[in-house]
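Architecture at a glance
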Amino acid sequence: MEEKIKVLVIDDERGIRDMLSYALGKEGYIVFTAENGEIGIEKVKKEDIDVVITDIKMPGLDGVTVLGKIKEIKPNTEVIVATGYASMETAIESLRKGAYDYINKPFNINELSALVSKAYETKQLKSQLVSLKELDKLKDEFIAAVSHELKTPLMAISGAIELLLASEGVEDEENLQFKYDENTKKILEIIDRQTKKMRVLVNNILDFAKMEAGFFVLKKQKTSFIKIVNEAIKEVQSLAESKKIEITKQLPVEEDVTVNCDPDQIERVITNFLTNSIKYTQEGGKVSVSFEKTDNEVKLTVEDNGKGIDKENLEKVFERFYRVDQSLNRKESGAGLGLSICKKIIELHNGKIWAESEGLGKGSRFIFKLPIG
């Protein structure tokens, strides 16, 4: 065996202890022995025992009592109780109290060795499950801590900007006529712009971490799909206008589609598709949005006539921190999490997501399918 498994034999008969020590030792186990329950419990305290084989009927502490003590001290240690046919009821009682299994005397060494091996495998699986639960707890605590630590300074910066706006008697910075000089005005505009960018980045990082950890919860409701699409287009309209890009819609006005989804998250996906198309399309280009409906699903496509994507990179665009075009300046580029989050959102809806392109300079299409029900 690659890993040495530690076995403790507790039995008041020396002949049985010696026989099991020799037989199991030949199988590759490290074997400890104890002539009674008290000594056995002490050895469990001192040694990292994997599996205990204990007789049920012993002077002093009986096997069931020893089982209980061991489970208190080392809950992950598996215990096999050895019994004669006359004490079968006691063996069944020991199973109820946490024994891995029982074996009848006289021993069949091959059967006992196989049972010890299975008990050890069970111990390993239980340890892995405990580790996963602890890991999930740590992830949850980490996400909560990071959320607090990152959002607190952002709120302070945003609050300071709002106070500045309030002092000028306006509701948003676009209508603000600064009393300060031009340099101060530019600095405040930079603070505002970078704060908004950082807020989006922080939210993306936190949401992605929640999705990876399995803590992200969808808030599904029956929603008009056309309404979601229109809201997403409205969200990116100013960005499109700044690059003189026309967004066209091919939506079935006469027949709306009701989809059971999280409308905010699906809008987030469509907005991300549109934003990427606008970023990677030259000034004066075109972006179109269309969808098709079948009996049980809806398919949305965002198509542009922009830079396009190499065929070998079509799958990579949905990988975290991957950016199609590394030449984008800082103002245009992001952290590379947007499409990764889109992929996870669609998969959480039991949908499919992919990208298509004929190659560089030939535009691209980003597509997802959602079940309607």
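Residue positions are given per chain, counted from 1 along the sequence in the order it is written. In keeping with the model being predicted, local features are shown solely for residues with a pLDDT of at least 70 and side-chain atom pairs are shown and tallied solely at 80 or more, while totals for entire chains, interfaces and linings include all residues. Only heavy atoms go into the side-chain values, all of them from the structure, while hydrogens and water stay out.

Quick look at the overall build of the protein chain
- Labels follow the DSSP assignment, with helices taken as runs of H or I lasting at least four residues and strands as runs of E lasting at least two, numbered in each case from the N terminus. The helix and strand inventory of the protein chain stands at 9 helices and 12 strands.
- Residues count as neighbours in contact if any of their non-hydrogen atoms are within 4.5 Å of one another. In the protein chain, of all internal contacts separated by at least 6 residues, the share reaching a separation of at least 24 is 69%.
- Approximately 21,300 Å² of the protein chain is accessible, and the part contributed by carbon and sulfur atoms is 50%. Using the Shrake-Rupley algorithm and a 1.4 Å probe, accessible areas are obtained, with residue cover drawn only from the displayed protein chains.

Considering unusual backbone geometry
- Residue P106 follows K105 across a cis peptide bond; omega there is -5°.
- Tracing the backbone shows P106 in the loop between β5 (101–104) and α5 (109–168).
- Phi is positive for N350, which is not a glycine, with a value near 60°.
- Its location among the elements puts N350 in the loop between α9 (338–348) and β11 (352–356).

Re the pairing of strand β4 (residues 78–83)
- In terms of burial, β4 is largely enclosed, as 6 of its 6 residues are buried.
- Alternating positions in β4 separate into two faces, E78, I80 and A82 on one and V79, V81 and T83 on the other, with burial throughout.
- Traced from strand β3 (residues 51–55) through helix α3 (residues 63–73) to β4, the parallel crossover comes out right-handed.
- The sheet contact formed by β4 and β5 spans 4 bridges and is parallel. The partner of I80 across the bridge, within β5, is D101. Each residue is placed in one exposure class: buried if its accessible area under a 1.4 Å probe, protein chains only, is under 20% of its type's maximum, exposed if it is over 50%, and partly exposed if it falls in between. The definition of a right-handed crossover adopted here requires that, viewed with the strands pointing away, the path from the first strand over the helix to the second runs clockwise. Strand pairing is assigned whenever DSSP identifies at least 2 bridges connecting the two strands.

Side note on the packing of helix α7 (residues 225–242) against helix α8 (residues 263–279)
- Where helices are involved, their axes are fitted lines through C-alpha atoms of the stretch in contact, as for all axes, and angles between N-to-C directions lie from 0 to 180°. α8 packs onto α7 with a crossing angle of 40° between their chain directions and a minimal axis gap of 9 Å. The interaxial crossing formed by α7 with α8 has right-handed handedness. Residues F225, I228, V229, E231, A232, I233, E235, V236, L239 and A240 of α7 touch α8, and the partners they reach there are P263, I266, E267, I270, T271, L274, T275 and I278.
- In terms of residue class, the contact of α7 with α8 is built from 13 nonpolar, 2 polar and 3 charged. What makes a crossing left-handed is the near helix being turned counterclockwise from the far one by less than a right angle; a clockwise turn instead makes it right-handed. Amino acids are sorted into nonpolar (Ala, Val, Leu, Ile, Met, Phe, Trp, Tyr, Cys and Pro), charged (Asp, Glu, Lys and Arg) and polar (every other residue, Gly among them).

A word on the packing of aromatic side chains
- Here a Phe, Tyr or Trp ring, Trp counted by its six-membered ring, pairs with any other such ring whose centre lies within 6.5 Å, and the pair is stacked when the planes are under 30 degrees apart, edge-to-face when over 60, and tilted otherwise. Evaluation of the coordinates by the stated rule reveals 5 aromatic pairs.
- Relative to F368, the ring of F225 lies with its centre 6.4 Å away and its plane at 80°, an arrangement referred to as edge-to-face. Placement of F225 in helix α7 and of F368 in strand β12 (residues 364–371) is noted, with a sequence separation of 143 residues between them. Take F225 and F368: they sit in the same class, and that class is buried.
- With 6.0 Å between their ring centres and 55° between their planes, F273 and F368 make a pair best called tilted.

Let's talk about the sheet that holds β3
- Taken together, the 5 strands give an open sheet; going across it, the order is β2-β1-β3-β4-β5, and neighbouring strands pair in parallel fashion. Lying at the two open borders of the sheet, with one neighbouring strand each, are β2 (30–34) and β5. Between one strand and the next, the sheet's axes are offset by a mean angle of 20°, whatever the strand orientation.
- On the sheet, helix α2 (residues 37–46) packs against β1 (6–10), β2 and β3 and is oriented at approximately 165° with respect to β1.

Focus on the confidence of the model for the protein chain
- Confidence in the prediction for the protein chain averages 81 pLDDT; 78% of positions are at 70 or higher.
- Put simply, α5 is where the protein chain has its lowest mean pLDDT, 70, and β1 is where it has its highest, 95. Looking at any residue, its pLDDT shows the predictor's confidence there, from 0 to 100.

Observations regarding the sheet that holds β11
- Pairing within the open sheet is mixed, and its 5 strands lie in the order β7-β9-β10-β12-β11. Either end of the sheet is taken by a strand with one partner, and the two such strands are β7 (246–250) and β11. Ignoring which end each strand starts from, the neighbouring axes of this sheet average 15° apart.
- In the sheet, β7 pairs with strand β9 (residues 286–293) via 5 bridges, with the strands oriented parallel. What sits directly across from E246, in β9, is K286.
- Across the sheet, α7 touches β7, β9, β10 (297–304) and β12, and the angle it forms with β7 is around 170°.

Re α7
- In a helix, the anticipated span is given by 1.5 Å times the number of residues less one. In this model, α7 (18 residues) spans 27 Å end to end at C-alpha, consistent with the 26 Å of a helix rising 1.5 Å per residue.
- Every buried residue of α7 is accounted for by F225, I226, I228, V229, A232, I233, V236 and A240.
- Of the residues flanking the end of α7, it is K244, one or two places downstream, whose phi is positive at about 55°.

Here we look at α2
- Three or more residues of α2 are buried, namely G37, G40, I41 and V44. Taken around the axis of α2, the buried residues stretch over an arc of 100°, which confines them to a single face.
- Buried residues belonging to α2 abut β1, β2, β3 and α3.
- Pairs of N or O atoms are called polar contacts if they sit within 3.5 Å, as long as, within protein, a hydrogen donor faces a hydrogen acceptor (for residues adjacent in sequence, only side-chain-to-side-chain pairs). Between the side-chain oxygen of the N-cap and the backbone nitrogen of E38 there are 3.2 Å, and the N-cap of α2 in question is N36. This arc corresponds to the set of directions leading from the helix axis out to the C-beta atoms.

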